[in-house]
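Working through the structure, step by step
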Amino acid sequence: MVSRIDRKKMVDTALDVLNDAGLDKLTVRRIATELNVQAPALYWHVRNKQELLDEMATEMMRRMAAPLMAEPDPATPWQEQLAEVCRGLRRGLLGYRDGAKVFSGTRMVGHGYAAPYDAFIRRLVEAGFPLGEAARAWWTAYNFTVGLVIEEQSVHPDPARPEYRDPAYDDAERTARLGDRYPYAARAGAELFGDIERNFETGLRIIIAGIEATVETRPGAAD
């Protein structure tokens, strides 16, 4: 017996269910219901939920690949190239409910992910980074971006309603609860979970400045 549901349709439906229900309620059974099939039909394609998440993360990467691979103006400094790739990654992950959690810790399926990764590492090497330092620079900026989006999506969990804020992050409630005894913690919370866009850009500048300060680049060394 062969499933009449192909892998792409299964993954597309899984991403729709993710946006509708979130990661905690994403199950193979629910996806099967959406496709009007029995759950065993999907096990032709994935053996368990982790393999499903791997497929979903790979599809997310495929959808994000085009903007991430766009060739920059050769005159654009590597600092701005790195910032733009991180901004594109953040935008892509924010398009899915719990997108960063799905993306984090999964294994890409096939080799499709390698093209954008290879292209960007090449850009850093051409800018004068030793290969190892280029990989570590990207790894650091990538993990900052994914980690920030995980936190951001806790505050604003619904991509269809970006203005919605989880009540658990209410500034007034936190101040009332912590303000008398822990005033700095209360005020810092408002800074951390208030203007997340500003915090992302600030963190990105800190990371790029740290890379500049610790990595000796030699423009033209890759030629």
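Looking at an unreviewed UniProt entry, one finds the chain named TetR/AcrR family transcriptional regulator C-terminal domain-containing protein and attributed to Streptomyces ramulosus.

Focus: the overall build of the chain
Looking only at helices and strands, one finds 10 helices and 0 strands in the chain. Helices and strands appear in the chain in the N-to-C order α-α-α-α-α-α-α-α-α-α. Oriented by its inertia axes, the alpha-carbon framework of the chain measures out at about 60 × 60 × 25 Å. The 223 residues of the chain split such that 43% are buried. In the chain, once contacts between residues fewer than 6 apart in sequence are set aside, the share between residues at least 24 apart is 73%.

Comments concerning helix H10 (residues 196-214)
For H10, built from 19 residues, the straight-helix expectation of 27 Å at 1.5 Å per residue is met to within 8% by its first-to-last C-alpha distance of 27 Å. The set of residues buried in H10 consists of Ile196, Phe200, Glu201, Gly203, Leu204, Ile207, Ile208 and Ile211. Angularly, the buried residues of H10 cover 165° about the axis, an arc narrow enough to put them on a single face. Among the exposed residues of H10, those pointing more than 90 degrees away from its buried face are Arg205, Ile206 and Ala213. Packing partners of the buried residues in H10 comprise helix H4 (78-94), helix H7 (131-155) and helix H9 (183-192).

Thoughts on the pattern of salt bridges
If you walk through the whole model with that rule in mind, you get 21 salt bridges. Of the charged contacts in the structure, one is a salt bridge between Arg47 and Glu51, with a shortest N-O distance of 2.6 Å. Given the relative accessible area of 19%, Glu51 is considered buried. Each member of the salt-bridge network shares a partner with another, and the members are Lys8, Asp12, Glu59, Arg62 and Arg63.

Remarks on the packing of aromatic side chains
Summed over the entire model, instances satisfying the criterion amount to 6 aromatic pairs. The interplanar angle of 65° and the centroid separation of 5.5 Å between the aromatic rings of Phe120 and Trp138 together place this pair among those described as edge-to-face. Here Trp138 lies in helix H7 and Phe120 lies in helix H6 (residues 114-126), a separation of 18 residues in the sequence. Look at Phe120 and you get buried, because its relative accessible area is 4%. Given the relative accessible area of 14%, Trp138 is considered buried. Within the aromatic cluster, the residues linked to one another by ring pairs are Phe120, Trp138, Trp139 and Tyr142. Taking the ring centre of Phe200 as reference, the NZ or CZ of Arg90 above it sits at 4.9 Å. Geometry around Tyr164 places Arg161 over its ring, the cationic atom sitting 4.7 Å from the centre.

A short note on the packing of H4 against H10
Running from N to C, H4 and H10 point in directions that differ by 145°, and their axes come no closer than 11 Å. Two packed elements cross with a definite hand, and for H4 against H10 that hand is right-handed. From H4, Trp78, Gln79, Leu82, Ala83, Cys86, Arg87 and Arg90 reach across to H10, where they touch Glu197, Phe200, Glu201, Leu204, Ile208, Ile211 and Glu212.

Details of the nonpolar core
If you look at the biggest cluster of nonpolar residues, it comprises 59 residues, and the most contacted ones within it are Leu42, Met56, Leu82, Leu93, Phe103, Phe129 and Trp138. Elements with a minimum of two residues in this core: helix H1 (7-21), helix H2 (28-35), helix H3 (49-69), H4, helix H5 (99-103), H6, H7 and H10. In terms of residue count, the dominant contributor to this core is H7 (9 residues). Other than its neighbours up to four places away in sequence, Phe103 contacts Ala57, Met60, Met61, Met64, Leu89, Leu93, Met108 and Tyr142.

A look at the UniProt feature "DNA-binding region" (unreviewed entry) in the chain
Mapped onto the present numbering, the UniProt feature "DNA-binding region" (unreviewed entry) falls at residues 27-46. When the span residues 27-46 is considered, its composition is 40% helix and 0% strand, and the gap between its end C-alpha atoms is 12 Å.

A word on the environment of Leu23
Of note, Leu23 is situated in the loop between H1 and H2. Using a relative accessible area of 15% as the deciding quantity, one classes Leu23 as buried. Spatially, the C-alpha atoms of Leu23 and Gly99 are 8.6 Å apart, while their sequence positions differ by 76 residues. Those residues in contact with Leu23 that sit more than four places away from it in its chain are Leu18, Lys49, Leu53, Asp98, Lys101 and Val102.

Here is what the cut-offs are and how they apply
Residues numbered from 1 in each chain as written. Predicted model: local features only at pLDDT ≥ 70, side-chain atom pairs only at ≥ 80, totals over all residues. Heavy atoms only, no water. Helix = DSSP H or I, 4+ residues; strand = E, 2+ residues; numbered from the N terminus. Buried < 20%, exposed > 50% of the residue type's maximum accessible area, 1.4 Å probe, protein only. Contact = heavy atoms within 4.5 Å. Expected span 1.5 Å × (residues − 1). Arc of directions from axis to C-beta. Salt bridge = Lys/Arg side-chain N within 4 Å of Asp/Glu carboxyl O. Phe/Tyr/Trp six-rings, centres within 6.5 Å; stacked < 30°, edge-to-face > 60°. Lys NZ or Arg CZ within 6 Å of the ring centre and 35° of its normal. Axes fitted to C-alpha atoms, helices over the stretch in contact; angles between N-to-C directions. Left-handed = near helix turned anticlockwise from the far one by under 90°. Core = buried A, V, L, I, M, F, W, Y, C linked by side-chain atoms within 4.5 Å. UniProt positions renumbered as here; feature names shortened; annotations may be inferred.

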